[in-house]
Amino acid sequence: MLKIKRQPGSLFTRLLSSFILIIILFISFNFLSYSFSRDMIQDEIIRYNHLNLDNTVRNYEAQFRLERKIALNLLFSPEANLLKRSSGSLNYEFVSAVNKAVKTLYENEDLFIYNIMVMMSDMRYVIDKEGSHQSDNLFSKYYLNPQYDEAFWLHEMAQPFTFKVYPASTFTEKDSSKELAKRNLLPVMVKNNLNTKLAVIILLDGDKLFEKFHQSINPNFMIMDGNGQALFTMMDAFTSSKLPSFPADQTYTQKDYNYYFYKTSSETGFSYINRVPYENISTQFKKLNLILFSLLLVAILFSVGASIFISIKFNNPIKRIIESVQQFNSELPKQTQIKEFNIISDQFNSLLQTNKNFNHELAEKNSLLRYYSYTNKLKQIYNNAADTQETLFHDKPFQLVIFQLTYRKRFNEQAGFEQDRASSFFREFIQYNLVLKYDDPATLQLEKDEIIALVFIRNNTPDLRETLEHMKKVFDLDKELCFLTIAYSGVYRNSSEITKSYEEASSLVKLRRLNEDTQIIEHQPYEWTDSAFSPSEAQEFHNNLSAGNLPQTNRLVQRMFDQMSKKQSPACHFAGFALSTADMVLKTLASLNITQHPFKGDMAPAEQLKECHTLEPYKAYFESFLSESVRLIKQKKEAYDPMITFAMNYLEEHYGEDASLDVVADKLNISGTYLSTNFKEKTGINFIEYLNGVRIRKAKHMLERTDLKIQDISHLIGYQTINSFIRMFKKHTGLSPGEYRKMHTHPLNTRLQD
């Protein structure tokens, strides 16, 4: 064996030489890769920090835009406008409304607001999340800061700007004995230059903003305004005062063993700076060099040892086989004195027989392999058998057909077998009909109610539509038990487009019309329309349902069904509208603390509505569903509550006066909070919503029966301004008062209402 190993042309020598050559190539490749990537890694680290800073800037800028928007919305709200016109004294109803709006903004955690204040300079008054305060008391006791005192904010309100961010600072709360530290807050002021009496001050939680938006693991971060003043910083004081100059044509610079990544926003003018110590990057390089060198050394030692070991292990048995083979000639019997070779001979014979059996089984299972190949492609499954899938598909032009099965309720009562078995019968029937007319079609069943067929197209193949029409005649024989939706794609020419063809056919299935016949759907333009209540219709539906008005509630639903039927909307639109409407009803019942369900049996509406395949079952279901819901609501409301009855009667008689929550509560000698909570619990709607409902109902009556001017009607029903009346009227009816009056005085009014 040693002589063979030493021979230049021996198998061992060639194997070992080949392995050594591969090792040398491997080492050369690693050195070249390392040399090339060494410089690239530093650029990638710099790029990584630059992208992190871009994300941070984008998040901060978006947050500042959002804070400005919500502050302007608050500043120009109707309540704030009324506060602007207040002189000498405050209307606490408006103050309460502003306080409620402030609380809503404060409770939104995504805004990172520690407090939001509406400040009135002429009355030295502030409204915040806690209530209302004198401004000198608020800034000297609850938000104490030497820089941001009352005089500072009054001075800023007089300056010519609309949005400004101030440097972050620590605010403290002062009590009789000590000062309690608050968070590091970032002040923002938003105001209107045309009216300096009112401004919004937002105190952002600077630390939470930093934790949320700063993407780098390095905490050295700073925000500066356009004048170079630090608005927020996580750097130490020495570093902050020794910042380098930032060239306008670069994104980073170096100074004192530090990288400074920076970016200036074109919108706010703020500069965002992130400092990364050079030692952080150099440490990463050192670790990387050590790891790569260690891996390379281990790989070389392992490769050399493995090459020698494998060469020896491979050479020895081959050497013995060659020596044994050289002892045979063609006349020797198959059986020899060498047991191992006898075993090898027997194994070769066994392998030949196994190969024959395998080929036979392979031929039988080829169709099954094709089935899984197409299934993998449809589900976008990629594995080591990808080449096999491509070979089976042949990249021939094809069309994909989806057969969606819909079993009717009577199927389970009359068929005598399960739906899964019926689906198998359908698949076999479809495959049989396609095999008669097309080459190598494939019929797959991915879901129990969905069958997919792949039909390969040639010049002389029959038209697919004609084949499907023929199958439809057979399907129609069982339409009392089951009907199908058949949709087929256009012609595709590459196997990579099989998923695209499936998506096309799936989208066509959604165009099924509302009936109980088998339908064949091919590509056709369709303009999707809304299949849900408009906001005003939804509000009207909720109001009528909460009030127990069954005729109007049912009319809204039936009218929507008729509109969709007239537009020939797809069946999925009917199902979507039915589910969303049922959900609205259940939510209304829940808001009224009604625990009984209005549907029959134990099946929820989503399950019961699956049995609706035409317009009439939908209508009949909702007539029953809404009738039972209204019965439960009326039953709930029939529980007499003298306090709520008094409040409702008072609003019916004094709707044109100051009928606020506090006024009615004072009449009952209770608190407004108690009345509001109890009113909501008993009626399902808020006090102010009920009052607006009464006023709008009275206004509709006046618009229909009188010639009063809209401005006079607005005053008579209790609205201070005509704009408030028009806005509320349009919210409840979807129409302006003028449009409503015109519609209800038109000769065709009755027909339009129907």
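Residues numbered from 1 in each chain as written. Predicted model: local features only at pLDDT ≥ 70, side-chain atom pairs only at ≥ 80, totals over all residues. Heavy atoms only, no water.

A. Region of interest: the packing of helix H22 (residues 642–654) against helix H24 (residues 672–683). Closest axis-to-axis distance for the H22/H24 pair is 10 Å, and the angle between their directions is 95°. Overall, the two elements H22 and H24 adopt an arrangement that is roughly perpendicular. Facing H22, whose interface residues are Met 643, Ile 644, Ala 647 and Met 648, H24 presents Tyr 674, Leu 675, Asn 678, Phe 679, Lys 682 and Thr 683. Its residues placed into classes, the contact of H22 with H24 shows 7 nonpolar, 2 polar and 1 charged. (Axes fitted to C-alpha atoms, helices over the stretch in contact; angles between N-to-C directions. Helix = DSSP H or I, 4+ residues; strand = E, 2+ residues; numbered from the N terminus. Parallel < 35°, antiparallel > 145°, perpendicular 65-115°, else oblique. Contact = heavy atoms within 4.5 Å. Nonpolar A, V, L, I, M, F, W, Y, C, P; charged D, E, K, R; others polar.)

B. Expanded view of a negative patch on the surface. A cluster of like negative charges, contributed by Glu 93, Glu 657, Asp 658, Asp 662 and Asp 666, occupies part of the molecular surface. The class of Asp 666 is exposed, set by a relative accessible area of 62%. (Patch = residues over 30% accessible without salt bridge, like charges linked within 9 Å, V, L, I, M, F, W, Y side chains within 5 Å. Areas by Shrake-Rupley, 256 points an atom, 1.4 Å probe, with all protein chains shown as cover. Salt bridge = Lys/Arg side-chain N within 4 Å of Asp/Glu carboxyl O. Lys, Arg positive; Asp, Glu negative; His and termini not counted. Charge placed at Lys NZ, Arg CZ, Asp CG, Glu CD. Buried < 20%, exposed > 50% of the residue type's maximum accessible area, 1.4 Å probe, protein only.)

C. Fine view of the pattern of salt bridges. With the rule as written, the count across this model stands at 17 salt bridges. Asp 476 serves as the salt-bridge partner of Lys 472, at 3.0 Å between the closest nitrogen and oxygen. With a shortest N-O distance of 2.5 Å, Asp 562 and Lys 619 are connected by a salt bridge. Here Lys 619 lies in helix H21 (residues 615–637) and Asp 562 lies in helix H18 (residues 550–566), a separation of 57 residues in the sequence. In this structure Asp 562 comes out as partly exposed when scored by relative accessible area, which is 36%. In this structure Lys 619 comes out as buried when scored by relative accessible area, which is 16%.

D. Expanded view of the packing of aromatic side chains. Under the defined criterion, the tally for this structure stands at 41 aromatic pairs. Plain terms: the ring middles of Phe 246 and Tyr 262 are 4.5 Å apart, the flat faces sit at 40° to each other, and that makes the pair tilted. Of this pair, Phe 246 sits in the loop between helix H8 (237–241) and strand E10 (252–255) while Tyr 262 sits in strand E11 (residues 258–264); the two residues are 16 residues apart in sequence, bridging distant segments of the chain. Residue Phe 246 is classed as partly exposed on the basis of its relative accessible area, which comes to 25%. Judged by centre distance (5.4 Å) and plane angle (35°), the ring pair of Phe 533 and Phe 541 falls under tilted. (Phe/Tyr/Trp six-rings, centres within 6.5 Å; stacked < 30°, edge-to-face > 60°.)

E. Structural view of the pairing of strand E3 (residues 131–134). Note: strand E2 (residues 125–128) against E3, 4 bridges, orientation antiparallel. Residue pairing in the sheet places Val 126 in a bridge with His 133 of E3. Connecting the antiparallel pair E2 and E3 is a turn made up of 2 residues. (Pairing = 2+ DSSP bridges.)

F. Quick look at the sheet that holds strand E8 (residues 221–224). Read from one edge to the other, the open sheet built from 5 strands follows the order E9-E8-E12-E11-E10, with strand pairing classed as antiparallel. What marks the edges here is a single partner per strand, and that holds for strand E9 (230–233) and E10. With direction set aside, neighbouring strand axes in the sheet form an average angle of 20°. As paired elements, E11 and strand E12 (residues 271–277) share 7 bridges and run antiparallel to each other.

G. Here's a closer look at the side chain of Thr 581. Secondary-structure assignment places Thr 581 in helix H19 (residues 571–591). Beyond its immediate chain neighbours, meaning those up to four positions away, Thr 581 contacts Phe 533, Phe 541, Val 557 and Phe 622.

H. Main features of helix H5 (residues 135–142). Within the sequence span of H5, burial applies to Ser 135, Leu 138 and Phe 139. For H5, the arc enclosing every buried residue in end-on projection is 85°, short of the 170-degree limit, so these residues lie on one face. Looking at the buried positions of H5, the neighbouring elements they touch are strand E1 (113–120), E2, E3, helix H6 (150–157) and strand E7 (195–205). (Arc of directions from axis to C-beta.)

I. Layout of the confidence of the model for the protein chain. Here the protein chain shows a mean pLDDT of 80. Residues at 70 or above account for 79%. Within the protein chain, the element-level pLDDT minimum falls on helix H29 (residues 749–753), averaging 38, and the maximum on strand E4 (residues 163–165), averaging 93. In this model residues 1–5 is a low-confidence stretch, pLDDT under 50, and it forms 9 contacts with partners more than four residues away in sequence or in other chains. Segment residues 746–754 is flagged for pLDDT under 50; beyond a separation of four residues in sequence, or across chains, it makes 4 contacts in the model. (pLDDT = per-residue confidence, 0-100.)

J. Representation of the sheet that holds strand E15 (residues 450–456) within the structure. With mixed pairing, the 5 strands of this open sheet are ordered in space as E14-E15-E13-E16-E17. Every interior strand has two partners, whereas the edge strands, strand E14 (442–447) and strand E17 (519–521), have only one. The average angle at which neighbouring strand axes cross in this sheet is 20°, direction not considered. Direction of pairing for E14 relative to E15: antiparallel, over a ladder of 4 bridges. Bridge pairing in E15 places Thr 443 opposite Ala 453. On the sheet, helix H14 (residues 419–437) packs against strand E13 (398–407), E14, E15 and strand E16 (482–488) and is oriented at approximately 160° with respect to E14.

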